[in-house]
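# Secondary and tertiary structure notes
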Amino acid sequence: MKIAFRVDASLEMGAGHVMRCLTLADKLKQIGYSCSFISRQQPGELTELIKQRQHVVYRLPECVEPTDQHLVHSNWLKGGQKRDAEEGAEVLQKIQPDWLVVDHYGIDKAWEQTVRHYVKHILVIDDLADREHDCDILLDQNLGQTREVYQALLPESCKVLAGCDYTLLRPEFLDYRERSLEYRRKQKNINRLLITMGGVDKDNYTEKALTALELSQLPESTEVLVVLGNGAPWLTNIKEQAKSSRLKVGVANNIQNMAERMANTDLAIGAAGSTSWERCCLGLPSIMCVIADNQRVVAKALNSAGAAILANGADVTKSIQQQTDQLLQNFDRLTELSQAAAKLVDGKGTDRVVQAMQARV
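Every value quoted in this text rests on a predicted model; they were computed, and no experiment measured them.

A few words now on the overall build of the chain. Of the regular secondary structure elements, the chain holds 14 helices and 13 strands. The C-alpha atoms of the chain give a radius of gyration of 20 Å, which matches the 21 Å a tight globule of 361 residues would have. Considering only C-alpha atoms, the chain reaches an extent of 60 × 40 × 35 Å along its principal axes. Within the chain, buried positions represent 56% of all 361 residues. Summarising the internal contacts of the chain: among those between residues at least 6 apart in sequence, 63% fall at separations of at least 24. Carbon together with sulfur atoms contributes 46% to the accessible area of the chain, which is approximately 15200 Å² in total. Mean positive and mean negative side-chain charge positions of the chain (43 and 47 charges, respectively) differ by 4 Å.

This is how it looks when you write it as structure tokens:
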């Protein structure tokens, strides 16, 4: 079976869309399917990473001309839907895939109908429910989502995979799940922290988090690991900030063992993006920051479920400091966060999505 993905990464939209598509593609490749990615050339793209994972990449030419503006995120699709669909169709005509996976907030029904002739089935990954789609499967892995949210936006024949049962996670998170949960049942202190604000973090929330921990009551022996992507615009600044910290701060980029790192961490401070589900799977207590508008729904849902703490957006630095100090005084709260998070995500979502795709062929 041949699978094609239409997905982008950029400094503006971050790396999350490509990363979750890579998770699905890696699983499909593992069971013998070939995967190709169609991505637009632009600052912050991740085409080299996709190639490193041994998938074929078709790069659409860079485009900076004005785009159509009928969608909330139209500006994320450089050149507009008409041009993008025409250029994508040329590639899809060569591939003739069994499935096309679309993960892009700037694409809707019009784009999908343009390329329909060249693909057998379309799977759309969405979080917003703010536009119509022409697809056979729609995946929304967010907590609390249901088919009813998309009822008026999809064909009647479309199968909706909604909720955390379909969270796309790499297999190592399931592999480390039990040992991570066992570690938390015994751990009664905060010795190691992880800061992960996405691969790009264009607004430098990492600096805010580091400053907050510097001002907190954490002892100087506390280890803090900051994870950023190679293309993060503030990477050099963060490395300098780490050197001057009173805490033991390390900075890593593009690490390959995130599940292992998380499993041995006592508290995470991170964006309310796709990494939220990785933390949940491992029962890792976390303080979340909303660094993009599309993360607000996830953040509020996880906070309401008692699975994570939401930092106050009005003063993120002060909020993280206060929340960290409160956790230092109440380790039972760490246990409560861990247990609530672990109940939401079991790490088997990618397998369920693949099974749904196989059932429709």
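This paragraph deals with helix α1 (residues 16-30). For α1, with 15 residues, the first-to-last C-alpha span of 21 Å sits near the 21 Å given by 1.5 Å per residue. For α1, every residue scored as buried is listed here: H17, V18, R20, C21, L22, T23, L24, A25 and L28. The elements touched by buried residues of α1 are β1 (2-7), β2 (34-40), α2 (47-52), β4 (99-103), β5 (121-125) and α14 (349-360). Backbone geometry just downstream of α1 places G32 in the positive-phi region, at approximately 105 degrees.

Right, let's get into the sheet that holds strand β12 (residues 286-289). Across the sheet, which stays open at both edges, the six strands sit in the order β10-β9-β8-β11-β12-β13 with parallel pairing between neighbours. Strands at the two margins of the open sheet, each flanked by one partner only, are β10 (248-253) and β13 (309-310). Summarising the sheet, strand β8 (residues 192-196) and strand β9 (residues 223-228) pair through five bridges and their orientation is parallel. Pairing of I195 across the sheet is with V226, part of β9.

Before going further, it helps to examine the state of the cysteines. Under the criterion given, the structure shown has zero disulfides. Of all cysteine sulfurs in the structure, the one in C158 sits closest to C135, which takes part in no disulfide; the separation is 3.7 Å. A relative accessible area of 1% places C135 in the buried class. You can see C289 has no disulfide; the closest cysteine sulfur is in C280, sitting 15 Å from it.

Next up on the list: the environment of I309. Looking at where I309 falls in the secondary structure, it is placed in strand β13. Residue I309 is classed as buried on the basis of its relative accessible area, which comes to 6%. The spatial distance from the C-alpha of I309 to the C-alpha of L337 is 8.2 Å, given a sequence separation of 28 residues. In this view, I309 contacts S286, I287, M288, N303, Q323, L327, R333 and L337; residues no more than four positions away in its chain are not counted.

Cut-offs applied
- Residues numbered from 1 in each chain as written.
- Predicted model: local features only at pLDDT ≥ 70, side-chain atom pairs only at ≥ 80, totals over all residues.
- Heavy atoms only, no water.
- Helix = DSSP H or I, 4+ residues; strand = E, 2+ residues; numbered from the N terminus.
- Rg over C-alpha atoms; globule rule 2.2 N^0.38 Å.
- Buried < 20%, exposed > 50% of the residue type's maximum accessible area, 1.4 Å probe, protein only.
- Contact = heavy atoms within 4.5 Å.
- Areas by Shrake-Rupley, 256 points an atom, 1.4 Å probe, with all protein chains shown as cover.
- Lys, Arg positive; Asp, Glu negative; His and termini not counted.
- Charge placed at Lys NZ, Arg CZ, Asp CG, Glu CD.
- Expected span 1.5 Å × (residues − 1).
- Pairing = 2+ DSSP bridges.
- Disulfide = S-S within 2.5 Å.

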